[in-house]
Every structure is written in C-alpha cells, then in structure tokens.
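Residues per chain are reported as follows:
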Amino acid sequence: MFELFKNLGTWLTSGSQWAGQDGIAHRLGEHLQYSLLATLIAAAIGLPLGLLIGHTGKGAFVAINLASFGRALPTVGLVVLVFLAGGLSMLPVYVALVALAVPAIVTNTYAGMTAVDPDVKDAARGQGMRGHQVLFQVELPLALPLIMTGLRLALIQVVATATIAAYVSFGGLGRYVFDGLAQRDLVQVLGGAVLVAVVAVVLDLLLSTLQRFLFRHRTA
C-alpha cells in the first residue's frame with residue numbers, strides 16, 4: 001500500500017506527466033470545459049423552469065419528482081443511447097451531463113422560491129408591484145441562497161460524472177481512469193480519481209466562498 005501511494009505521488013508530481021496532449025494540465029482543461037459548459041446549459045434550462053414553477057405554483061409535481069429522476073438516471077446508459085442515435089461526438093456526453101444537472105437546479109430554485117414568506121410577496125403586491133416585479137425584485141433575491149446551493153450541487157455532480165467523456169473516446173480526467181483500467185495500471189486509475197476529487201472539492205470551496213461573500217450581509 002505504501003508503495004502504491006509512493007508511485008501515485010511520483011505520478012502526480014512528475015513534470016512529464018503534466019506536459020503534452022496527454023498531460024494532466026491539458027486533461028484538466030478539457031474536464032473543466034465539459035463540466036462548466038454542461039452546467040451553464042443546465043442552468044439556462046433549469047433556472048427559468050424553477051423560477052416559473054415557484055412563482056406560479058403550477059407544475060410543483062414536476063419539480064418535486066425531478067430530484068428522484070436525477071438520482072435514478074443511468075448516466076452511462078444515456079450516453080450510450082445518444083451515442084447510438086447520434087454517432088461519435090461530444091453530444092451524448094453533454095446530453096447526459098445536462099440531464100444530470102437540471103434536476104438539482106430546478107428543485108433548489110423551486111425550494112428557494114417557495115421558501116419566500118407569502119406576507120412579503122403580498123406586501124410587494126400591495127405596493128403596486130406587478131407579477132414580474134415581484135418575481136425579480138422580491139422573490140428572486142430572497143431565493144438566491146438556495147438557488148446558489150443548487151448550482152453548486154449541480155456543478156459538483158457534473159465534475160464527478162464528466163469522466164464519462166472518456167467512455168466514448170474523448171478527453172478529460174476520465175481518460176486516466178479508463179486508460180488505466182484498460183492497461184491494468186492502478187496508479188493511473190487512482191491518479192485520475194484523485195484529480196477528479198480534488199477538482200470537485202476545490203470548485204465547491206470556491207463557490208461556497210463566493211456564496212458567503214455575496215450573502216455576507218444577510219447572515220451578519
């Protein structure tokens with residue numbers, strides 16, 4: 001076991017391991033590209049849907065059950081299905097990652113909207129605010145902490161799952177996991193897993209810090 005971790009340390013710190021098209025730096029850039037783009041697409045879909053459901057109160061059944069759908073979604077199966085339908089491209093990977101991220105964003109956005117005190121919304125309407133003004137000037141600002149939490153959860157899930165890009169012969173940190181398994185190289189497999197975990201933790205810490213900074217006055 002000691003020898004394994006020693007070899008892992010050598011693998012992670014070797015200068016040659018960080019250089020070139022197969023180097024850690026390049027694979028890390030690919031992984032971040034897949035993860036961030038998929039999360040942005042999911043946010044563009046999930047945020048308006050969650051805001052609409054939370055504001056109107058209609059479609060709550062959809063929001064509640066999306067969480068269960070996201071947990072039960074067979075990501076690799078979805079990748080294979082889209083791959084068979086659309087051919088070799090990044091489309092299956094992005095479809096799977098977006099489908100994974102949307103439920104967390106929708107459900108947290110909906111939860112944030114429903115957590116807004118009804119008396120606050122009634123007071124806003126009593127002051128003459130129209131529906132869209134109540135949504136964007138009252139409900140959305142108050143719901144933002146939970147919405148940010150949903151975005152954090154979605155991003156971390158996507159980062160952890162973006163290794164599937166290597167399953168259909170593309171890049172990212174998953175390349176080390178799949179290539180290592182094929183070559184029976186345990187050090188490479190463990191190195192890829194460690195890198196994915198570190199990226200997920202670092203991104204979560206960054207978003208958590210940003211969230212605390214943005215809402216520091218509310219908790220003061």
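Residues numbered from 1 in each chain as written. Predicted model: local features only at pLDDT ≥ 70, side-chain atom pairs only at ≥ 80, totals over all residues. Heavy atoms only, no water.

**Q** Talk me through helix α3 (residues 24–56); I want residue IDs and the actual numbers.
**A** Taking 1.5 Å of rise per residue, 33 residues should cover 48 Å, and α3 covers 47 Å from first to last C-alpha, within 8% of that figure. At A43, α3 shows its largest bend, some 25 degrees. G57 sits one or two positions beyond α3 and adopts a positive phi of about 80 degrees. (Helix = DSSP H or I, 4+ residues; strand = E, 2+ residues; numbered from the N terminus. Expected span 1.5 Å × (residues − 1). Bend = angle between axes of the 7 residues up to and from the residue.)

**Q** Account for helix α8 (residues 131–161), naming residues and giving values.
**A** Here α8 is 31 residues long, yet its end C-alpha atoms lie only 38 Å apart, well below the 45 Å a rise of 1.5 Å per residue gives. When the local axis directions of α8 are compared, the greatest deviation, roughly 55 degrees, occurs at L144, which is followed within four positions by the proline P145.

**Q** Give me the lowdown on unusual backbone geometry, citing residues and values where you can.
**A** Its identity is not glycine, yet R184 carries a phi of approximately 55 degrees, on the positive side. In this fold, R184 is placed in the loop between α9 (174–183) and α10 (186–214).

**Q** I'd love a proper account of a nonpolar patch on the surface, names of residues and values included.
**A** A cluster of nonpolar side chains, contributed by L37, I41 and I45, occupies part of the molecular surface with about 230 Å² of accessible area. Positionally, L37 belongs in helix α3. (Patch = residues over 30% accessible without salt bridge, like charges linked within 9 Å, V, L, I, M, F, W, Y side chains within 5 Å. Areas by Shrake-Rupley, 256 points an atom, 1.4 Å probe, with all protein chains shown as cover. Salt bridge = Lys/Arg side-chain N within 4 Å of Asp/Glu carboxyl O.)

**Q** Could you give me a rundown of the side chain of R175, with the residues and numbers involved?
**A** Within the fold, R175 resides in helix α9. Setting aside residues up to four positions removed in sequence, R175 forms contacts with R27, A166, S169, F170 and G180. (Contact = heavy atoms within 4.5 Å.)

**Q** Provide a residue-level description of the nonpolar core, including the pertinent values.
**A** The biggest cluster of nonpolar side chains holds 21 residues, and the ones touching the most others in it are A38, A42, M90, V93 and L97. When contributions to this core are tallied by element, the ones reaching two or more residues are α3, α6 (91–114) and α8. For this core, the element with the highest residue contribution is α6, accounting for 10 residues. With 12 residues, the next largest nonpolar core counts W11, L173, L195 and V199 among its residues. (Core = buried A, V, L, I, M, F, W, Y, C linked by side-chain atoms within 4.5 Å. Buried < 20%, exposed > 50% of the residue type's maximum accessible area, 1.4 Å probe, protein only.)

**Q** Any chance you could break down the packing of aromatic side chains for me, citing the residues and the numbers?
**A** Aromatic rings in a pair are described by how distant their centres are and how their planes are angled relative to each other. Counted by the stated rule, this structure contains 3 aromatic pairs. Geometrically, the ring pair formed by W11 and Y176 is edge-to-face, given 5.1 Å between the ring centres and 90 degrees between the ring planes. Of this pair, W11 sits in helix α1 (residues 2–13) while Y176 sits in helix α9, placing them 165 residues apart in sequence. With relative accessibility at 4%, the residue Y176 sits in the buried group. Taking the centre distance of 6.3 Å and the plane angle of 85 degrees together, the rings of Y34 and Y94 count as edge-to-face. Taken together, the residues Y34 in helix α3 and Y94 in helix α6 connect sequence positions 60 residues apart. Classification of Y34 by relative accessible area gives buried; the value is 6%. (Phe/Tyr/Trp six-rings, centres within 6.5 Å; stacked < 30°, edge-to-face > 60°.)

**Q** How would you explain the environment of G150 if you had to name every residue and give the values?
**A** Tracing the backbone shows G150 in helix α8. Distance from G150 to G112, taken between C-alpha atoms, is 9.5 Å for residues 38 residues apart in sequence. With near-sequence residues (within four places) excluded, G150 lies in contact with A104, I105 and N108.

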